[in-house]
Amino acid sequence: MNPLVKTFEVDGLRYRLNISEEGTVTFHLTGGGTRRGSFRPHLFFDDEESLDDVNLLTVSPIKVFVCVKNQVIEWVKRERPYQLSFQSSNIRRFPIYRSMSERLARELPQYFAYELGLSFQFFRQVDEQLQSGIHSPDPESPQLESA
């Protein structure tokens, strides 16, 4: 299976999507700027990438979300990995990642989606009788309050 390293730009900001051979998905802001400001690496950690600045600087988060979702789906359909996983870095971002998981589950019916804590995992089904969907049996999994 071939890993994916995809860089793209939306509204002046540069992003990088990584999917490892094991199916671990990571996403980072790597440079650029918008009217809200310019990306600046964090000096304390000598980082050249950030996940935290994505929300602060992104002008069009839906464009970024769609681009990431489409790249993940394209990679999964091409590579047919046994598993795929990603996780939210904090509870504040959890609803965004849950939304991504739900959309991926609809687009990838041959995968079984599983939510555990702040992480989301997809496993390729081997039994034709299994039904896809998102399952959250973990009582410790964050629960969102309905408005």
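Below or above, wherever it landed, is the structure these notes cover. (Residues numbered from 1 in each chain as written. Predicted model: local features only at pLDDT ≥ 70, side-chain atom pairs only at ≥ 80, totals over all residues. Heavy atoms only, no water.)

**Overview of unusual backbone geometry**
Spelled out, the test is: Comment: elements are numbered from the N terminus, with helices defined as DSSP H or I runs of at least four residues and strands as E runs of at least two.
A positive phi angle, near 50 degrees, is found at D11, a position not held by glycine. Along the polypeptide, D11 turns up in the loop between β1 (4-10) and β2 (13-19). Of note, R80 is a non-glycine position whose phi angle comes to about 50 degrees, a positive value. Here R80 is to be found in the loop between α2 (61-79) and β5 (83-87).

**So, the packing of α2 against helix α3 (residues 94-107)**
Helix-helix packing: each pair is described by the crossing angle between the helix axes and the interaxial distance. Selection criterion: Angles run from 0 to 180 degrees between N-to-C directions of axes, and those axes are lines fitted to C-alpha atoms, restricted for helices to the stretch in contact. For classification purposes, an angle smaller than 35 degrees is called roughly parallel, one larger than 145 roughly antiparallel, one from 65 to 115 roughly perpendicular, and anything else oblique. Left-handed is the label given to a crossing in which the near helix is rotated counterclockwise from the far helix by less than a right angle, and right-handed is the label when the rotation is clockwise. Contacts between residues were defined by any pair of non-hydrogen atoms, one from each residue, lying within 4.5 Å. The nonpolar class holds Ala, Val, Leu, Ile, Met, Phe, Trp, Tyr, Cys and Pro. Asp, Glu, Lys and Arg form the charged class, and all remaining residues, Gly among them, are polar.
Contact pair α2 / α3: the axes reach a minimum separation of 11 Å and the direction vectors enclose 40 degrees. It follows from the interaxial angle that α2 and α3 lie oblique. Like other packed secondary-structure pairs, α2 and α3 cross with a definite hand, here right-handed. Contacts between α2 and α3 involve F65, V68, K69, V72, I73 and K77 on the former and, on the latter, I96, S99, M100, R103, L104 and E107. Among the residues forming the contact of α2 with α3, the class breakdown is 7 nonpolar, 1 polar and 4 charged.

**Focus: the sheet that holds β1**
Quick note on the threshold: A pair of strands is considered paired only if DSSP assigns at least 2 bridges between the two.
Taking strand neighbours across the sheet as the criterion, the 4 strands line up as β1-β2-β3-β4 in an open arrangement whose pairing is antiparallel. Whereas interior strands pair on both sides, the edge strands pair on one side only; in this sheet they are β1 and β4 (37-38). Looking at chain direction, strand β3 (residues 25-34) and β4 are connected through 2 bridges and run antiparallel. Note on β4: the bridge partner recorded for G33 is S38. Where α2 meets the sheet, it contacts β1, β2 and β3, and its direction lies at approximately 155 degrees from that of β1.

**Details of the pattern of salt bridges**
Threshold: For this document, the term salt bridge refers to a Lys or Arg side-chain nitrogen within 4 Å of an Asp or Glu carboxyl oxygen.
Summed over all chains, the structure comprises 4 salt bridges. In this structure, the salt-bridge partner of D11 is K63, at a minimum N-O distance of 3.5 Å. A residue pair is termed long-range when its members are at least 10 positions apart, and D11 in the loop between β1 and β2 and K63 in helix α2 qualify at 52 residues. A salt bridge links R78 to E74, with the shortest nitrogen-to-oxygen separation between them at 3.6 Å. Here R78 pairs with E74, and both are found in helix α2, just 4 residues apart, close to one helical turn.

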